[in-house]
Amino acid sequence: QVQLVESGGGLVQPGGSLRLSCAVSGSIFALNDMGWYRQAPGKQRELVATITSFLNTNYADSVKGRCTISRDAIENALYLEINSLTPEDTAVYYCNAEIVVQPGGYTNDYWGQGTQVTVSS
């Protein structure tokens, strides 16, 4: 069974930085596009950043220039580093991955349980 587990969230002061991690475990044949999404209270879930298996990246305008997404193909891990945090970055951050479980199988979407990031003084 495939599992995505995020870590690294917490309380950060404005202007601070965070590095989020997502560990992917289970029976995996192929790990395709991966991404980070976030959901603030009372708002819809939104894209933060994505990275393809070819390491092409895409960032939301709200984090562009202060955010770096990366992945480790050997460890099946995904990372997100965000700098210059503001209270507007407060949200639950979710890891997402498109995974093929077995050869010839379909690509399915998997989500982690989320990690809370709170930016406050």
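Here the structure is a predicted model, which means the values were calculated and not measured.

1. Digging into the state of the cysteines
Going through the model one piece at a time under the given rule, you end up with one disulfide. The disulfide partner of Cys22 is Cys95, and the gap between their sulfur atoms is 2.1 Å. On the S-S bond that ties Cys22 to Cys95, the torsion sits near -80°, and the link is left-handed. Note that Cys22 is positioned in strand β3 (residues 18-25) and Cys95 in strand β9 (residues 91-100), a separation of 73 residues in sequence.

2. Comments concerning the sheet that holds strand β1 (residues 3-7)
Strand pairing in a sheet relies on backbone hydrogen bonds, with the paired strands running either antiparallel or parallel. Overall, antiparallel pairing links the four strands, which are arranged β1-β3-β8-β7 in an open sheet. The open sheet has two edge strands with one neighbour each: β1 and β7 (67-72). For this sheet, the mean angle separating the axes of adjacent strands, direction not counted, is 15°. As judged from the five bridges shared by β1 and β3, these two strands associate in the antiparallel manner. Opposite Gln3, over in β3, you have Ser25 as the bridge partner.

3. A word on the pairing of β7
Across the two faces of β7 the burial differs, with Cys67, Ile69 and Arg71 buried and Thr68, Ser70 and Asp72 not buried at all. Note: β7 against strand β8 (residues 77-82), six bridges, orientation antiparallel. When the sheet's bridge partners are listed, Arg71 is paired in β8 with Leu78. Count of turn residues in the β7/β8 antiparallel hairpin: four residues, of which Asn76 carries a positive phi of about 50°.

4. Considering the pattern of salt bridges
Summed over all chains, the structure comprises four salt bridges. The partner of Arg38 in a salt bridge is Glu46, and the shortest N-O contact between them spans 2.7 Å. The class of Arg38 is buried, set by a relative accessible area of 5%. Between Asp61 and Lys64 there is a salt bridge whose closest N-O contact spans 3.1 Å.

Calculation notes
- Residues numbered from 1 in each chain as written.
- Predicted model: local features only at pLDDT ≥ 70, side-chain atom pairs only at ≥ 80, totals over all residues.
- Heavy atoms only, no water.
- Disulfide = S-S within 2.5 Å.
- Helix = DSSP H or I, 4+ residues; strand = E, 2+ residues; numbered from the N terminus.
- Pairing = 2+ DSSP bridges.
- Axes fitted to C-alpha atoms, helices over the stretch in contact; angles between N-to-C directions.
- Buried < 20%, exposed > 50% of the residue type's maximum accessible area, 1.4 Å probe, protein only.
- Salt bridge = Lys/Arg side-chain N within 4 Å of Asp/Glu carboxyl O.

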